Amino acid sequence: MSVSEADVLAAMSKVMDPELHVDLVKAGMVKNVRVTGDTVKLKIELTTPACPLKGKIQADAEAALKAVPGLKSFDIEWGAQVRAAGGGMPGGALLPQVKNVILVGAGKGGVGKSTVALNLATALAQHGAKVGLLDADFYGPSVPLMTGLADKKPVSPDGKSLDPLLAHGLKVMSIGFLVEADQALIWRGPMLHGALMQLVRDVNWGELDYLVLDLPPGTGDVALSLSQSIRAAGAVLVTTPQDVALADVVRAKQMFDKVHIPVLGIVENMSQFVCPNCSHATPIFNHGGGRKAAEMFGIPFLGEIPLDLKVRESGDSGVPVVVGAKDSLEAKAFQEVARNVAGRVSTQSMKSVPLPVVQAR
Ligand SMILES: Nc1ncnc2c1ncn2[C@@H]1O[C@H](COP(=O)(O)OP(=O)(O)OP(=O)(O)O)[C@@H](O)[C@H]1O
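Residues numbered from 1 in each chain as written. Predicted model: local features only at pLDDT ≥ 70, side-chain atom pairs only at ≥ 80, totals over all residues. Heavy atoms only, no water.

Draft legend 1. Structural detail: the pattern of salt bridges. Under the counting rule described, the total for this entry stands at 18 salt bridges. Notably, a salt bridge pairs Asp248 with Arg251, separated by 2.4 Å at the nearest N-O pair. Note that Asp248 and Arg251 are positioned in helix 8 (residues 243-258) at a spacing of three residues, about one turn of the helix. Taking the relative accessible area as the measure of exposure, Asp248 reaches 12% and is therefore buried. A relative accessible area of 52% places Arg251 in the exposed class. The salt bridge involving Lys310 is made with Asp308; its shortest N-O contact spans 3.3 Å. Judged by relative accessible area, which is 33%, Lys310 ranks as partly exposed. Judged by its relative accessible area of 12%, Asp308 falls in the buried class. The structure contains a network of salt bridges with shared partners spanning Lys31, Lys43, Glu45 and Glu77. (Salt bridge = Lys/Arg side-chain N within 4 Å of Asp/Glu carboxyl O. Helix = DSSP H or I, 4+ residues; strand = E, 2+ residues; numbered from the N terminus. Buried < 20%, exposed > 50% of the residue type's maximum accessible area, 1.4 Å probe, protein only.)

Draft legend 2. Quick peek at the sheet that holds strand 5 (residues 73-80). The strand order across the open sheet built from three strands is 3-4-5, with neighbouring strands paired in mixed fashion. In this open sheet, the two strands that pair with only one neighbour each are strand 3 (30-36) and strand 5. Taken pair by pair, the neighbouring strands of this sheet meet at an average axis angle of 10 degrees, ignoring direction. By the bridge criterion, five bridges tie strand 3 to strand 4 (residues 39-46) in an arrangement that is antiparallel. Looking at strand 4, one finds that Arg34 is bridged to Lys41. Sheet contacts for helix 1 (residues 5-12): strand 3 and strand 4; angle to strand 3, the most-contacted strand, approximately 140 degrees. The strands that helix 2 (residues 54-66) touches are strand 4 and strand 5; relative to strand 5, the one it contacts most, it runs at about 155 degrees. (Pairing = 2+ DSSP bridges. Axes fitted to C-alpha atoms, helices over the stretch in contact; angles between N-to-C directions. Contact = heavy atoms within 4.5 Å.)

Draft legend 3. Seen up close, the UniProt feature "domain: MIP18 family-like" (unreviewed entry) in the protein chain. When the UniProt feature table is mapped to this numbering, "domain: MIP18 family-like" (unreviewed entry) covers residues 5-74. The straight-line gap between the two end C-alpha atoms of residues 5-74 is 12 Å; of that span, 30% is helix and 30% is strand. (UniProt positions renumbered as here; feature names shortened; annotations may be inferred.)

Draft legend 4. Just the site of the ligand, in detail. Surrounding the ligand, one finds 20 residues, the nearest of these being Lys113, Ser114, Thr115, Asp137 and Pro306. Here an oxygen atom of the ligand and a backbone polar atom of Ser114 are 2.8 Å apart. Taken by itself the ligand offers 630 Å² of open surface, and the protein chains cover 81% of this. Given that more than half its atoms are within 2 Å of the pocket grid, the ligand belongs to the largest pocket. Broken down by secondary-structure element, the contributors of at least two residues to the shell around the ligand are helix 3 (113-126), strand 12 (263-274), strand 14 (301-307) and helix 10 (309-317). Looking at side-chain class alone, the shell around the ligand contains eight nonpolar, eight polar and four charged residues. (Near = heavy atom within 4 Å. Polar contact = N/O pair within 3.5 Å; in protein donor to acceptor, adjacent residues only side chain to side chain. Areas by Shrake-Rupley, 256 points an atom, 1.4 Å probe, with all protein chains shown as cover. 1 Å grid on protein atoms, 1.4 Å probe; cavity = no way out; pocket = protein on both sides within 12 Å on 5 of 7 lines; lining within 4 Å. Sits in = over half its atoms within 2 Å of the grid points. Nonpolar A, V, L, I, M, F, W, Y, C, P; charged D, E, K, R; others polar.)

Encoded structure:
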């Protein structure tokens, strides 16, 4: 019995991408099908190199090909092509080469937002994605220290734009590179908006799959400003597990809803302290509150990061834990968060993401 390309495509159309809820053929993920006699070669192009469900998709695709009558062998080449949020329309006019802008926000300070933003960005880059990290935490930029770039300054190739600095596979820009560390930063209104637009528009980001943007805590000003000028794939909310932090996460979610930025999910940071000697887990700030909040909102829970000395030390030393201790429990937790975020962003690429209200200059 001879096998045709149509037989192979019919088999692949029975395989669902469990995250996108669409079959591989409809999602345009099946490429280069070449049937020769009773064997087939094809390429499956995932929507992110950090696909959280690759194992399941691979098992299902292989099972479907094994069930094609007459097909004796197959060779699947795996690849990934990150798609732009908003059904192929990237970050808006200000960021035409950035496929997905991911905001990282928190209802209040000190919950580990910058730590999550940095490790998320780095983990995505470790999968092979092109990633930028923009520290827009005007009131306490910590990315220069956390990336080991504290004594560096970005240069301008043309007197107008700035080249981002490079660290750990990321293109990095921070408001902290542009102002002195001890300068009192009293940003408000138009000044804040202007500086933010400079960081977004006047940086030579080049082509990026993901731009991870570390927001200042709590305030709605920056989120509002961004919602008016760029198209974000969505926001990741970081919280610690105790009840008082959860009240802040509720406010943060309401703020993103108000400015029509989809919330991709919640990360619980400083979740439990796992003793490095006996592995006993102590829920210092309680445990499970992030998941509870996610359930309450009906949004995904993206993962929990343990409270650990390594994470704090890595922040101070300029080497993120996903690089410096990449096999640790903490690094694995960040990697899982990154895969889950990438999966959620992929689902946004199938939907239309709200357009900026105004194209700011
Ligand atoms: N899981 C963790 N375990 C141990 N220390 C952590 C963890 N997450 C963050 N930290 C530490 O907590 C401190 C605050 O973290 P970070 O600066 O990321 O928080 P933030 O929410 O961005 O704060 P801010 O609102 O001030 O910008 C840092 O010293 C960081 O290294």
